[in-house]
Amino acid sequence: MDIEQLEKSFIKRFGKSNEKIQFYFAPGRVNLIGEHTDYNNGYVLPCAITFGTYLLVRANDSNVVKMVSENFDYGDEIPIDKLSIPQSGKWMNYPLGVFDQFIQKGLKPSGLEMLYSGDIPNSSGLSSSASIEMVTAFALNDLFYIGLEQTDLVKLSQKAENEFVGVNCGIMDQFAVGMGKKGHAIFLDCGTLEYELVPIDLKNYKIIIANTNKQRGLADSKYNERVAECNKAVGFLAKIKKVESLSDFSYQEFVNNKHHIPDINIRKRAKHILSENQRVVDAVKVLKNDDLRVFGKLMNASHNSLRYDYEVTGYELDTIVEEARKVEGVLGSRMTGAGFGGCAIALVDENAVEPFIRKVGENYYKKTGLKAIFYISEIGDGTKKLNSSEN
Ligand code: GLA
């Protein structure tokens, strides 16, 4: 991202002033394994990526917050006493949700000019929304000297999405975006928020992100449907022992007690969550032992479970994953994020990257009529303040 260019764009939109422009960055994320487990207090293993959202902010002495984005046509001027009012269907709800959380904590914001610019593809499952939330939370915390810890900003951003945007997401995205570290994945227990940074040494392998370019139209409503189904499973299993969430059960306990869940679909949802928790634990072990082959197998098993038991993949994701697995030099492939479209990842021998992109791209296009886009994922740092010269 060309920061100087962004600064020029900022001045073009808002004009010059004596106030200093401040620069912030929040990354997107990929999840290596552990999908849909976060809102069940389970385990996840995401990492921050080097794509993300840049935010340039400057104070002004007006009573409005001016928000514009390089990625969307519309922006707005919002009076500071209207910052807690959602705007129907607009990207600004992500930053406004964060403002609203701070206002609930007693912040009285003053006028600001804000320019957002991101290089994460929207609706691709790489957490562009969490990235916008976290960069806003970090900036407001800094500008208004609020003094919250990074993990508080993570929780606040998740709450903004739950309460203001209306998606009952778990904490994984905001946590990875906030707490990511270059070269590491985050092994996070979403129940306790205890975490471990696991060094990722992929040897001669690369993680390739394959964007299906299938936008997740119904994602949010289906997402909330899965959250509700998991809660129903907890209701059935709570007859056996006192539990708060599905992750209070081990996979074996689930196998022994699954007959207590009469609804076959709810049973399948629980099976995915509890087998996926186990796969995350296994993945951390094998990654620490550099056993990338077994990690690839766990990726495959995770996708299959999301496909057949959790039913959040769909034709495009299944096709791209199937095509990826056919290429020589691929150790494993799975969807990443919420599913229903968006991105898959594959662990690919570095010598096979070029044929991978060509073959998967061609075959996916033949089968879906959609052009996939591929990125080589680099693991980057979490949300931070930038010097104006930094990229
Ligand atoms: C979305 C949500 C996360 C998580 C994933 C699925 O990205 O925002 O909280 O539930 O889906 O693992």
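Calculation notes
Residues numbered from 1 in each chain as written. Predicted model: local features only at pLDDT ≥ 70, side-chain atom pairs only at ≥ 80, totals over all residues. Heavy atoms only, no water. Helix = DSSP H or I, 4+ residues; strand = E, 2+ residues; numbered from the N terminus. Rg over C-alpha atoms; globule rule 2.2 N^0.38 Å. Buried < 20%, exposed > 50% of the residue type's maximum accessible area, 1.4 Å probe, protein only. Contact = heavy atoms within 4.5 Å. Areas by Shrake-Rupley, 256 points an atom, 1.4 Å probe, with all protein chains shown as cover. Lys, Arg positive; Asp, Glu negative; His and termini not counted. Charge placed at Lys NZ, Arg CZ, Asp CG, Glu CD. Near = heavy atom within 4 Å. Polar contact = N/O pair within 3.5 Å; in protein donor to acceptor, adjacent residues only side chain to side chain. Nonpolar A, V, L, I, M, F, W, Y, C, P; charged D, E, K, R; others polar. Phe/Tyr/Trp six-rings, centres within 6.5 Å; stacked < 30°, edge-to-face > 60°. Disulfide = S-S within 2.5 Å. Pairing = 2+ DSSP bridges. Axes fitted to C-alpha atoms, helices over the stretch in contact; angles between N-to-C directions.

Considerations on the overall build of the protein
Item 1. Regarding its fold elements, the protein presents 11 helices and 13 strands.
Item 2. For a compact globule of 391 residues, the expected C-alpha radius of gyration is about 21 Å, and the protein comes in at 21 Å, within 12% of that figure.
Item 3. On the principal axes, the C-alpha backbone points of the protein span a range of 65 × 50 × 40 Å.
Item 4. For the protein, with 391 residues in total, the buried portion stands at 56%.
Item 5. In the protein, the proportion of contacts linking residues at least 24 apart, taken out of those at least 6 apart, comes to 72%.
Item 6. Element-wise, carbon and sulfur atoms account for 47% of the exposed surface of the protein, whose accessible area totals about 16700 Å².
Item 7. Once the 47 positive and 51 negative side-chain charges of the protein are each reduced to a mean point, those two points are 4 Å apart.

Some words on the site of the ligand
Item 1. Around the ligand, the surrounding shell consists of Arg29, Glu35, His36, Asp38, Tyr39, Cys169, Gly170, Met172, Asp173, Tyr223, Gly337 and Ala338.
Item 2. Between the ligand and the protein, one listed contact pairs an oxygen atom with a side-chain N or O atom of Arg29 at 3.0 Å.
Item 3. Between the ligand and His36, the relevant distance is 2.6 Å, taken from an oxygen atom to a main-chain nitrogen or oxygen of the residue.
Item 4. Across the complex, the protein chains shield 94% of the 310 Å² of accessible surface that the ligand would expose by itself.
Item 5. For the shell around the ligand, the per-class residue count stands at 5 nonpolar, 3 polar and 4 charged.

Structural notes on unusual backbone geometry
Item 1. In this structure, Ser127 is a non-glycine residue whose phi angle is positive, near 70°.
Item 2. Mapping Ser127 onto the fold places it in the loop between β6 (112-118) and α3 (128-143).

Overview of the packing of aromatic side chains
Item 1. A complete count under the given rule lists 11 aromatic pairs for this structure.
Item 2. A ring pair is formed by Phe175 and Tyr195, whose centres lie 5.3 Å apart and whose planes are at 70°; its orientation type is edge-to-face. Of the two residues, Phe175 sits in helix α5 (residues 172-179) while Tyr195 sits in strand β8 (residues 195-199), which places them 20 residues apart along the sequence.
Item 3. Residue class for Phe175 comes out buried when judged on its relative accessible area of 1%.
Item 4. On the basis of relative accessible area, Tyr195 is assigned to the partly exposed category, the value being 39%.

Here we look at the state of the cysteines
Item 1. Evaluation of the coordinates by the stated rule reveals 0 disulfides.
Item 2. Cysteine Cys47 remains unbridged, with the sulfur of Cys343 as its closest cysteine sulfur at 13 Å.
Item 3. Cys190 forms no disulfide, and the closest cysteine sulfur to it belongs to Cys169, at a distance of 11 Å.
Item 4. According to the relative accessible area criterion, Cys190 is buried, its value standing at 7%.

Brief notes about the sheet that holds strand β11 (residues 343-349)
Item 1. Reading across the sheet, the 4 strands line up as β10-β11-β9-β12 and stay open at both edges, with antiparallel pairing between neighbours. A strand with exactly one partner marks an edge of an open sheet, and here the two such strands are β10 (330-336) and β12 (373-376). Between one strand axis and the next, the sheet turns by 25° as a mean value, whatever way the strands run.
Item 2. Sitting on the sheet, helix α10 (residues 315-326) is in contact with β9 (205-211), β10 and β11, with an inclination near 170° to β10.

What to know about the sheet that holds strand β13 (residues 384-386)
Item 1. Read across the open sheet, the 6 strands follow the order β5-β4-β6-β3-β1-β13; overall the sheet is mixed. Looking at strand neighbours, the two that pair on one side only are β5 (76-79) and β13, the edges of this open sheet. Going from strand to strand, the sheet's axes swing by 25° on average, the running direction of each strand aside.
Item 2. Summarising the sheet, strand β1 (residues 22-31) and β13 pair through 3 bridges and their orientation is antiparallel. When the bridges of β13 are listed, Phe25 appears paired with Lys384.
Item 3. Here helix α2 (residues 93-104) sits on the sheet in contact with β4 (64-69), β5 and β6, set at roughly 150° to β4.
Item 4. Here α3 sits on the sheet in contact with β1, β3 (46-59), β6 and β13, set at roughly 145° to β1.

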